[in-house]
Amino acid sequence: MQQVTEAEDRILCRLEDIPEGAAKGFPGPPGSFVGLFAVRKDGRVHVYVNACPHIGLPLEPLPDRFLDTRKQVIICSAHGARFRIEDGVCVTGPCIGEALEAVPVRLVDGQVVVPATAGL
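Not measured: the values here are computed from a predicted model.

Cut-off values and rules
- Residues numbered from 1 in each chain as written.
- Predicted model: local features only at pLDDT ≥ 70, side-chain atom pairs only at ≥ 80, totals over all residues.
- Heavy atoms only, no water.
- Phe/Tyr/Trp six-rings, centres within 6.5 Å; stacked < 30°, edge-to-face > 60°.
- Helix = DSSP H or I, 4+ residues; strand = E, 2+ residues; numbered from the N terminus.
- Pairing = 2+ DSSP bridges.
- Axes fitted to C-alpha atoms, helices over the stretch in contact; angles between N-to-C directions.

Q: Describe the packing of aromatic side chains, with residues and values.
A: Under the criterion given, the structure shown has 2 aromatic pairs. Each ring, one from Phe37 and one from Tyr48, has its centre 5.7 Å from the other, and the planes form 35°; the classification is tilted. Of this pair, Phe37 sits in strand 3 (residues 36-41) while Tyr48 sits in strand 4 (residues 44-49), placing them 11 residues apart in sequence. One aromatic cluster in this structure is built from Phe37, Tyr48 and Phe66.

This is the structure we're talking about:
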């Protein structure tokens, strides 16, 4: 379910489509080479561009597999870098101190909304 609410907005999904403590991937907007992913933790939704700052590869090895087994950090499957969910900052791995590209996110009528250009 990817719709545009206004020219500058894009609906990723309904909030209930991302269970608490889980992550979900989404394709990028038309014309982009990278997708997005959302993580729901402690009642908040965090959205990032799905590209490791180390070499730009997508993070997940399988669809929607962005988190470690304890669901405490985001992991890059290529090099094992670990990123805080709250701000996307790398805490271990080859890109320590760098961060995932955060995407502004709003909840509108139970839907997860991002800028239409997120990921371009």
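Here the narrative resumes.
Q: I'd love a proper account of the sheet that holds strand 7 (residues 90-92), names of residues and values included.
A: Taken together, the 3 strands give an open sheet; going across it, the order is 5-6-7, and neighbouring strands pair in antiparallel fashion. Since the sheet does not close on itself, it has two edges, and those belong to strand 5 (73-75) and strand 7, each with one partner. Neighbouring strand axes in the sheet, compared pairwise and without regard to direction, differ in orientation by 40° on average. Examined bridge by bridge, strand 6 (residues 82-84) and strand 7 share 2 bridges and lie antiparallel to one another. Of the residues in strand 7, the one forming a bridge with Arg82 is Thr92.

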